[in-house]
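Each chain is listed here by its residues.
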Amino acid sequence: MEFPTGSGPLNRAALLQELREAYTAALLLGEEVKAEIVMREAIDAGLDEEVIHREVLAPSMRRVGDLWERGTLSVADEHLATQITLRVLALEREVVRVAGGRWRHRVMLAAVEGEEHTVGLQMVGNLLANAGYDARYLGADVPIDSLASIVEKHRPRVFVLSATMPANGELLRLAMDEVRRGDPGTALLVGGQGVPEELREEEGLVVTREVSNVVESVDALIRRPGLN
Ligand code: B12
C-alpha cells in the first residue's frame, strides 16, 4: 500500500483518508489480514492510537452500520466486521510499546448490565493497557450486583464504566453506586453515548462520551490527593 509521505496537514488528511478507505474496504470484504495491515501501516506512520480509533476504525464501523441499516449488508456481515475490528484492537496492543510507571495502578473496565456494544470500551482498554496501566477488562453486560464484590477483590484505583445506549443511563448510575459500595476510594470514569446529559463531573468522577484523552483523565484521577 502506498500512503502519502510528509508531515503537513494536507498529507496527514490524505493519509487518514486512504487508511479509512482501505480499512472500510477490508471490513466490507471480510478480510482480516488486510485490516491488520492497515492498522500496522497507521502505527508505522506515527499516528496515535486515539487518532487511529477516531479517524479510521470508528468511521469505518459507522459505514458498516449505515449499510446494515439500509439492508445492503446482512447481520452476519456486520458481525464479521465487528469481530475483525475487535481482533485488530487486540493486535494493536502487541504493536505499541508499553510505557513505564503506570503498571502499578490497576484500572478495571466494564460495560453496564444489558450493554453489548464493546468496541469503544475495548478502545479505552487498549489505550490504558498500552499506556502501561494494569488494565483488567470485564467486557459486555456485567451484572450490577457483581460489581461491588469484584471491586473488593481487585481493588482498582479507577473503574471505567461504559453505556452506549441512552436507555442504559439509569443502570449506569446504579453501577456507579455499586462500584463505590465495593470501595468508596475507587475513582470512576464513565463514557459512551449513553451517559446521561445531566451527569456532572465531581471529585473522583470523570464523565466523557469520547475515547480521546482517557489516558490523561485516568492519570489525573490517579494523581488526585489521597490516592497515591
Ligand atoms: C456493532 C453493533 C452492534 C453489535 C455490538 C457488538 C460488540 N461486541 O460491540 C451487536 C450486534 C451486539 C449490536 C446489538 C444491538 N444494537 Co447495535 N450497533 C452496532 C453498530 C453497527 C456499530 C457500533 C460500534 O462498534 N461503533 C464503533 C464505536 C467505536 O463507536 P461508539 O460505540 O459510538 O463509541 C464511540 C463513543 O460512543 C465513545 N465510547 C463508546 N464506549 C465508550 C466507553 C468509554 C469508557 C468511553 C470513555 C467512551 C466510549 O467512544 C467511541 C469512539 O468515539 C452501531 C451503528 C452505529 N451507527 O454506531 C449499532 C447501534 C449502536 N446498535 C443499535 C441497536 C438499537 C442495537 C440493538 C438494540 C439491536 C437489536 N434490536 O437487538 C442491540 C442491543 C444490544 C445490547 N443490549 O447492547 C443502535 C443504538 C441506538 C441507540 N442510540 O440507542 C445503533 C446506533 C444502530 C442504529 N442506528 O439503530 N449492535
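Everything numeric in this text was worked out from a predicted model, so none of it was measured.

Let us look at the site of the ligand. Neighbouring the ligand are 33 residues, the closest being Glu69, Gly114, Glu116, His117 and Glu210. Within the backbone of Thr118, an N or O atom sits 2.8 Å from an oxygen atom of the ligand. Between the ligand and Gln193 there is a distance of 3.4 Å, counted from an oxygen atom to a side-chain nitrogen or oxygen. When contributions to the shell around the ligand are tallied by element, the ones reaching two or more residues are α3 (49-69), α4 (75-95), α5 (119-130), β3 (158-162) and β4 (187-191). Tallying contributions element by element places α5 first for the shell around the ligand, with 5 residues. Here the residues of the shell around the ligand sort into 14 nonpolar, 13 polar and 6 charged. There are two domains that each give the shell around the ligand at least three residues, and those are domain 1 (9-95) and domain 2 (102-223).

The strand order β2-β1-β3-β4-β5 describes an open sheet built from 5 strands, whose pairing is parallel. Every interior strand has two partners, whereas the edge strands, β2 (134-137) and β5 (205-208), have only one. Here the average twist between neighbouring strands, direction ignored, is 15°. Sheet analysis places β3 next to β4, joined by 5 bridges and oriented parallel. Within the sheet, the bridge partner assigned to Val160 lies in β4 and is Leu189.

Roughly 1200 Å³ of internal volume is contained in the largest pocket. Lining the largest pocket are 37 residues, and of these His117, Thr118, Val119, Gly120 and Thr164 lie nearest its centre. Broken down by secondary-structure element, the contributors of at least two residues to the lining of the largest pocket are α3, α4, α5, β3 and β4. In terms of residues, the lining of the largest pocket owes the most to one element, α3, which gives 10 residues. In terms of residue class, the lining of the largest pocket is made up of 15 nonpolar, 15 polar and 7 charged. Composition of the lining of the largest pocket by domain shows at least three residues from each of domain 1 (9-95) and domain 2 (102-223). By volume, the second largest pocket amounts to about 310 Å³. Along the walls of the second largest pocket sit 16 residues, with Asp48, Glu49, Glu50, Leu127 and Val215 positioned nearest its centre. Listing elements by their share of the lining of the second largest pocket, those giving two or more residues are α3, α5 and α8 (214-223). For the lining of the second largest pocket, the leading source of residues is α8, giving 3 residues.

This brings us to the domain arrangement of the protein. Under the domain assignment, the protein is made up of domain 1 (9-95) and domain 2 (102-223). One C-alpha centre belongs to domain 1, the other to domain 2; they are set 25 Å apart. Each side of the interface is counted separately: domain 1 has 13 residues, and domain 2 has 10 residues. Between domain 1 and domain 2, roughly 970 Å² of surface is buried when both sides are summed, and carbon and sulfur atoms account for 66% of that area. Considering only the side of domain 1, the residues that lose the most area to domain 2 are His53, Leu89 and Arg93, jointly responsible for 43% of the buried surface there. Taken together, domain 1 and domain 2 are joined by 0 salt bridges. Viewed at the interface, domain 2 and domain 1 are joined by 4 residue pairs in polar contact (both at pLDDT 80 or more). Of all the secondary structure elements, the ones that give two or more residues to the side of domain 1 that touches domain 2 are α3 and α4.

Calculation criteria
- Residues numbered from 1 in each chain as written.
- Predicted model: local features only at pLDDT ≥ 70, side-chain atom pairs only at ≥ 80, totals over all residues.
- Heavy atoms only, no water.
- Near = heavy atom within 4 Å.
- Polar contact = N/O pair within 3.5 Å; in protein donor to acceptor, adjacent residues only side chain to side chain.
- Helix = DSSP H or I, 4+ residues; strand = E, 2+ residues; numbered from the N terminus.
- Nonpolar A, V, L, I, M, F, W, Y, C, P; charged D, E, K, R; others polar.
- Domains from an automatic or database assignment.
- Pairing = 2+ DSSP bridges.
- Axes fitted to C-alpha atoms, helices over the stretch in contact; angles between N-to-C directions.
- 1 Å grid on protein atoms, 1.4 Å probe; cavity = no way out; pocket = protein on both sides within 12 Å on 5 of 7 lines; lining within 4 Å.
- Points joined across faces, edges and corners; volume = space filled by probe spheres on them.
- Contact = heavy atoms within 4.5 Å.
- Buried area = accessible area lost by both parts, 1.4 Å probe.
- Salt bridge = Lys/Arg side-chain N within 4 Å of Asp/Glu carboxyl O.

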